[in-house]
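# Fold and contact review
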Amino acid sequence: MKKINQYIDEVFQTEDELLEEVMQSIKENGMPNISVSPSSGKLLSMLVSISGTKNILEIGALGGYSGICLARGFDEDGSLTSLELEQKYADLAKQNLTKAGFGEQVNYLTGPALESLEVLVQQNKRYDFFFIDADKGNYPNYLENCIKLASPNAVIAIDNVLARGSVADKDAEPKRYTSMMQEFNQHVANHPELEAVIVPIGDGITVAQVK
Ligand code: SAM
């Protein structure tokens, strides 16, 4: 999986000075190196652009790498709402999105995402694209809330669903993280309100459409 990803990144990824600066800012601020891969970021931009998305909801901002990729796919009237636990991370993400020219189109809600989602559901908000990339144990809860907030035919993208390939390794020692992602993937595959598939780039991204 690592080799395939390196190959895809090498062939399809051109230099991106801005995203490299975002990675540098994350490092300088002592934040973890867990942004989406360059190719996953490109996939997000393309999915937003192809689907003609106007309103995006992201769960898990970190330093704004995926936020920039998502925002690159929409027009001047697009908007991104991003849920982030850490105020420091949301502040850096806002700074990086502003540098990228999307400062007016992004809004950060800080605190536990489940609490923010509850408020958005109460406010009857609607989004046509979701990107789930926060604490994995809450993925099933995030998914159900996204479905509640979804416009017809909305797209839900979910990161890290291959758990570094371990979900497909039948001989590997059983690990809690792996079995949690296997269960989640099965749940998505059987979900009556979703049509979904996993795209095996980066750490695996599920692309689902709400029926
Ligand atoms: N999507 C980002 C990117 O690719 O640039 C990376 C997100 S990182 C993998 C996960 C983020 O989720 C972290 O910034 C973390 O602080 C945030 N997070 C973790 N638990 C959370 C929670 N309960 N509510 C909201 N955000 C949370």
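Residues numbered from 1 in each chain as written. Predicted model: local features only at pLDDT ≥ 70, side-chain atom pairs only at ≥ 80, totals over all residues. Heavy atoms only, no water.

Looking at an unreviewed UniProt entry, one finds the protein chain named O-methyltransferase and attributed to Gracilibacillus caseinilyticus.

### Considerations on the overall build of the protein chain
A count of helices and strands for the protein chain gives 8 helices and 7 strands. Relative to the compact-globule value of 17 Å for 211 residues, the protein chain shows a C-alpha radius of gyration of 16 Å, a close match. Across its three principal directions, the C-alpha atoms of the protein chain cover 50 × 40 × 30 Å. Counting over 211 residues, the protein chain shows a buried share of 50%. Contacts in the protein chain between residues at least 24 apart in sequence constitute 70% of all its contacts with a sequence separation of at least 6. Accessible area for the protein chain stands at about 11,100 Å²; split by element, carbon and sulfur atoms hold 50% of it. If you average the places of the 18 positive and of the 30 negative side-chain charges in the protein chain, the two averages end up 3 Å apart. (Helix = DSSP H or I, 4+ residues; strand = E, 2+ residues; numbered from the N terminus. Rg over C-alpha atoms; globule rule 2.2 N^0.38 Å. Buried < 20%, exposed > 50% of the residue type's maximum accessible area, 1.4 Å probe, protein only. Contact = heavy atoms within 4.5 Å. Areas by Shrake-Rupley, 256 points an atom, 1.4 Å probe, with all protein chains shown as cover. Lys, Arg positive; Asp, Glu negative; His and termini not counted. Charge placed at Lys NZ, Arg CZ, Asp CG, Glu CD.)

### Side note on the nonpolar core
Counting residues in each nonpolar core, the largest one holds 34 residues, and the members touching the most others are I56, L70, F74, L80, L97, Y108 and F129. Not counting the four nearest positions on each side in its chain, L97 is found in contact with G64, G67, I68, A71, L80, F102, G103, V106 and Y108. By size, the runner-up hydrophobic cluster in this structure holds 30 residues, among which are L57, L117, Y139 and I156. (Core = buried A, V, L, I, M, F, W, Y, C linked by side-chain atoms within 4.5 Å.)

### A few points about the site of the ligand
As a structural note, the neighbourhood of the ligand is formed by 20 residues, with V36, G60, S66, E84 and D133 the closest of them. Between a nitrogen atom of the ligand and a main-chain N or O atom of G60, the distance comes to 2.8 Å. For the ligand, a nitrogen atom lies 3.1 Å from a polar atom in the backbone of L85. Classifying every residue of the shell around the ligand gives 12 nonpolar, 4 polar and 4 charged. (Near = heavy atom within 4 Å. Polar contact = N/O pair within 3.5 Å; in protein donor to acceptor, adjacent residues only side chain to side chain. Nonpolar A, V, L, I, M, F, W, Y, C, P; charged D, E, K, R; others polar.)

### As for the pairing of strand β7 (residues 205-210)
Across the 6 residues that make up β7, a large majority, 5, are buried. In this structure, strand β5 (residues 150-159) lies alongside β7, joined through 5 bridges in antiparallel fashion. When the bridges of β7 are listed, I156 appears paired with A208. For strand β6 (residues 194-199) and β7, the ladder comprises 6 bridges, and the chain directions are antiparallel. Residue V197 lies in a different strand from β7, and its bridge partner there is V207. Here β6 folds back onto β7, and the loop between the two strands holds 5 residues, one of which, G202, carries a positive phi near 55 degrees. (Pairing = 2+ DSSP bridges.)

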